[in-house]
Amino acid sequence: MQELFARRQGLHRKILIVDDEFIEREMLGNMLSDLYEIVYAENGMDALEIIRSEHITLSLVVLDIHMPELDGYSLLKIMHADSELRRIPVIVLTAEEGAEVKSLQLGAADFISKPYDMPDVIRARVSRSIELAEDSVIIHETERDSLTGLFNKEFFFEYGKLLDRQNSDPPMDAIVLDINRFRIVNELYGKSYGDLVLKRLGGSIHDIVKIHGGLACRSDSNCFCVYVPHIDDLKEKLPGYLSEITESVGDSKISIRMGVYCDDGSGLDMEHRFDRAKLACRKLRNTYQTRCEFYNAEIHSRELHAERLINDMDKALEEKQFKVFYQPKYSVLGEKPVLSSAEALVRWFHPEFGMVSPGEFISLFENNGLIQKLDRYVWNETAAQIARWKKEYDITVPVSVNVSRVDVFDPMLGDILCDIAKNNGLTPDKLLLEITESAYTDDSNQIIETVNVLRNKGFRIEMDDFGSGYSSLNMLTSLPIDALKLDMKFIRNICSDSKACRLVEIMIEIARLLEVPVIAEGVETKEQMEVLKGIGCNIIQGYYFSKPLPPEEFTELIKSECKEEEYAHN
Ligand code: C2E
Ligand code: CA
Ligand code: CA
């Protein structure tokens with residue numbers, strides 16, 4: 001591209017004239033030498049050598065057909081078969097009829113008939129061939145992704161739609177491929193290794209499209225789209241293709257998920273086909289294996305349901321359909337568990353669907369920014385509730401609220417939380433903040449900055465779902481946090497599986513190293529509670545003590561806990 005740029009800036013382009021007749025070479029050279037830099041070759045072999053060594057700077061070859069050693073046709077064939085040399089346009093010199101057609105078929109850009117009696121025409125043809133070739137390089141480079149050589153997203157959709165308009169038979173299937181946990185690959189093995197993986201994957205997708213027809217692009221950093229003519233037995237064939245593709249990457253640690261929308265005759269446009277393939281692919285987002293999923297009726301109804309929830313969100317906020325529930329956390333350090341704080345968990349009482357749990361809507365709202373509105377609402381409700389308990393019963397219960405990964409990127413986050421605390425007459429330490437570990441690995445620099453700001457303002461941070469993300473031990477030591485909250489899945493088998501138990505012990509040791517308390521959530525049985533207590537867990541939350549409760553019930557709970565406390569003190 002730089003080369004092209006230099007040449008476009010008015011530098012002379014280089015032309016190779018290949019002819020065994022001295023006179024003819026000179027005549028042509030004279031016609032062109034004031035506009036171009038000319039090099040000469042007197043036979044096909046010499047020409048090939050020059051072309052190979054100077055192909056980067058060569059703008060055009062003017063080629064005689066009849067020559068000793070290697071004739072013009074053979075040279076054309078060699079050039080055409082070579083992906084580097086194919087780029088250079090060739091004008092064929094000929095005196096005989098019929099040679100033109102053959103030359104064009106072999107890839108020549110144009111031809112000039114001997115004798116050379118019209119210099120202006122020759123100059124015009126030379127100039128036009130160079131321009132056309134250069135334009136096509138520019139087009140190639142703007143429409144292609146430079147890493148993989150596949151189309152970029154814009155041109156992919158443009159050409160795909162064109163293809164659909166010109167030819168809808170056979171109809172096209174949409175396939176989306178994504179590399180599982182690609183960010184981790186980049187982080188662990190470096191960006192250049194990540195690029196190599198993408199290149200190999202791109203290469204094998206390119207091969208598939210070459211065999212089956214269709215188009216392919218890299219649509220996002222690690223996401224590829226393939227638009228291929230529909231085949232009836234795609235379902236049977238796809239696993240084979242998928243394993244071929246994964247093998248081509250040559251690294252068994254890399255796994256790929258694939259979402260497919262198979263044409264069903266509904267005449268959907270290309271973009272919607274890919275939306276659906278993406279939805280099918282998204283269904284696999286938590287898998288670590290190579291798998292494929294086909295878009296189907298179930299995914300479709302889930303999509304409609306999701307859309308409904310998103311559409312209903314604003315009204316639900318206005319009508320206060322969201323209610324905050326509270327789940328107690330108990331300190332288990334002493335003889336008897338003592339209520340230490342609570343977690344605020346939102347529930348949606350939807351007029352049509354009844355109670356919807358956050359598992360259904362939080363991730364939906366995270367994809368479009370709605371989560372920030374909801375979180376603010378929950379923080380406000382929680383702060384107001386803490387203040388009410390204080391005012392009405394003189395009981396202070398710190399409550400943790402969940403802070404979504406999306407909130408972390410809001411530069412106003414600290415101010416917003418401060419305002420909420422202040423408006424409710426609370427000091428920031430009454431509103432604990434839970435941030436999921438995976439948010440830390442999304443963008444560790446950003447989050448460390450945010451968390452530092454929050455801590456400087458007096459908030460305390462609990463790292464939620466610890467063990468489910470990918471914090472490196474190294475990173476952990478530099479993280480500003482005030483508590484580790486173990487991911488629930490580690491608790492499940494803690495009584496039956498000694499390895500699971502050992503794992504929790506190790507996490508507790510890590511917390512000790514970081515000098516922060518450990519919270520275990522999802523604790524459902526007395527045995528689990530006792531094992532955790534025995535290995536040094538500080539705080540426990542879970543159904544064993546209580547489910548998340550509506551405010552009225554939680555009020556009763558804290559009132560009775562306080563009475564017991566008083567009773568114990570008397
Ligand atoms: P989380 O923050 O990890 O919350 C713990 C989840 O475990 C809650 O699910 C809670 O009800 C459930 N749980 C508590 N004890 C037990 C137990 O003993 N056994 C089992 N099996 N589960 C238990 P929930 O309320 O459905 O919330 C799910 C997730 O939704 C939460 O996971 C949190 O990430 C998110 N979430 C909830 N409320 C909010 C919110 O206001 N804002 C944001 N951003 N996220 C929220
Ligand atoms: Ca939480
Ligand atoms: Ca959690």
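Position numbers for residues count from 1 along each chain, tracking the sequence in the order it is written. Following the order in which they are written, the chains are lettered starting with A and the ligands numbered starting with 1. A pLDDT threshold of at least 70 governs which residues receive local features in this predicted model, and a stricter bar of 80 or more applies before side-chain atom pairs are shown or counted, although totals over entire chains, interfaces and linings include all residues. With hydrogens and water stripped out, all remaining heavy atoms of the structure feed into the side-chain values.

Novice: Just to check I follow, could you spell out the domain arrangement of the protein chain for this structure?
Specialist: Note: interface size is frequently given as the accessible area lost on complex formation between the parts. Domains are outlined according to an automatic or database domain assignment. We note that the domain assignment places domain 1 (2-143), domain 2 (151-302) and domain 3 (372-561) within the protein chain. On a C-alpha basis, the centroid separation for the pair domain 1 and domain 2 is 40 Å.

Novice: Looking at this model, I keep getting lost on the site of ligand 1. Mind explaining?
Specialist: Taken together, 22 residues lie near ligand 1, and R347, D375, M488, E524 and Y543 sit nearest. A distance of 2.6 Å is found between a nitrogen atom of ligand 1 and a side-chain nitrogen or oxygen belonging to D375. A 3.5 Å cut-off defines polar contacts: any pair of N or O atoms within that distance qualifies, except that in protein one atom must be a possible hydrogen donor and the other a possible acceptor, and neighbouring residues in sequence count only when both atoms are side-chain atoms. Here D465 contributes a side-chain N or O atom positioned 3.3 Å from an oxygen atom of ligand 1. In isolation ligand 1 exposes 790 Å². Once the protein is present, 82% of that is buried. The helix and strand labels rest on DSSP assignments: H or I over at least four residues marks a helix, E over at least two residues marks a strand, and numbering proceeds from the N terminus. Those elements that provide at least two residues to the shell around ligand 1 are β13 (338-350), α13 (358-366), α14 (370-393) and β17 (461-466). No other element matches β13, which puts four residues into the shell around ligand 1. Gly falls in the polar group here, along with every residue not listed as nonpolar (Ala, Val, Leu, Ile, Met, Phe, Trp, Tyr, Cys, Pro) or charged (Asp, Glu, Lys, Arg). Per-class residue counts for the shell around ligand 1 are 10 nonpolar, five polar and seven charged. In these notes, residues near a molecule or strand are those with any non-hydrogen atom within 4 Å of it. Only the protein chains shown count as cover for residues, and all accessible areas are computed by the Shrake-Rupley method using a 1.4 Å probe.

Novice: Whenever I open this one, the coordination of the calcium ion (ligand 3) confuses me. Can you help?
Specialist: In ideal tetrahedral geometry, four donors around a metal make angles of 109.5 degrees, whereas ideal octahedral geometry with six donors gives angles of 90 or 180 degrees. Within the protein, the calcium ion (ligand 3) binds to D464 (OD), D465 (OD) and E521 (OE); these donor distances fall in the range 1.9 to 2.4 Å. When the donor residues of the calcium ion (ligand 3) are listed from N- to C-terminus, their spacing reads D-D-x55-E. Coordinating N, O and S atoms are those within 2.8 Å of the metal (3.2 Å for Na, K and Ca), and as water is not part of the atoms, a site may appear to have fewer donors than expected. Metal-to-metal, the separation of the calcium ion (ligand 3) and the calcium ion (ligand 2) is 4.2 Å; D464 coordinates the two. One end of the pair, D465, is in strand β17; the other, E521, is in the loop between β19 (518-520) and α21 (526-534), and 56 residues separate them in sequence.

Novice: Just to check I follow, could you spell out the packing of helix α7 (residues 153-166) against helix α11 (residues 270-282) for this structure?
Specialist: When two helices pack together, their arrangement is given by the angle between the helix axes and by the axis-to-axis distance. Whenever a helix is involved, its axis is fitted only over the stretch in contact; in every case the axis is a line through C-alpha atoms, and angles between N-to-C directions fall within 0 to 180 degrees. Running from amino to carboxyl end, α7 crosses α11 at an angle of 120°, the nearest separation of the two axes being 9 Å. Taken together, the axes of α7 and α11 lie oblique to each other. Facing F156, F157, G160, K161 and D164 of α7, the residues of α11 in contact are M270, E271 and F274. Class assignment for the residues of the contact of α7 with α11 results in four nonpolar, one polar and three charged. Reported orientations rely on four angle classes, namely roughly parallel under 35 degrees, roughly antiparallel over 145, roughly perpendicular from 65 to 115, and oblique for the rest. Any two residues having at least one pair of non-hydrogen atoms within 4.5 Å are treated as being in contact.

Novice: What am I meant to see in α13 here?
Specialist: Given 3.6 residues to a turn, an α-helix orients residues that are three or four positions apart in the same direction. Categorising residues by exposure relies on relative accessible area from a 1.4 Å probe, with only protein chains included: less than 20% of the type maximum marks a residue as buried, more than 50% marks it as exposed, and the intermediate range marks it as partly exposed. Those residues of α13 that sit buried are P358, F361, L364 and F365. Buried residues of α13 fall within an arc of 145° about the axis and therefore sit on the same side. Lining the buried residues of α13 we find α12 (297-318), β12 (322-331), β13, β14 (354-356) and α14. Of all possible arcs, the one meant is that of the directions from the helix axis to the C-beta atoms.

Novice: How should I be thinking about the coordination of the calcium ion (ligand 2) in this particular structure?
Specialist: Looking at the calcium ion (ligand 2), the protein donor atoms are E343 (OE), N402 (OD1), E434 (OE) and D464 (OD), and they sit 2.1 to 2.4 Å from it. Along the chain, the residues that donate to the calcium ion (ligand 2) are spaced as E-x58-N-x31-E-x29-D. Among the residues examined, N402 registers a relative accessible area of 26% and is labelled partly exposed.

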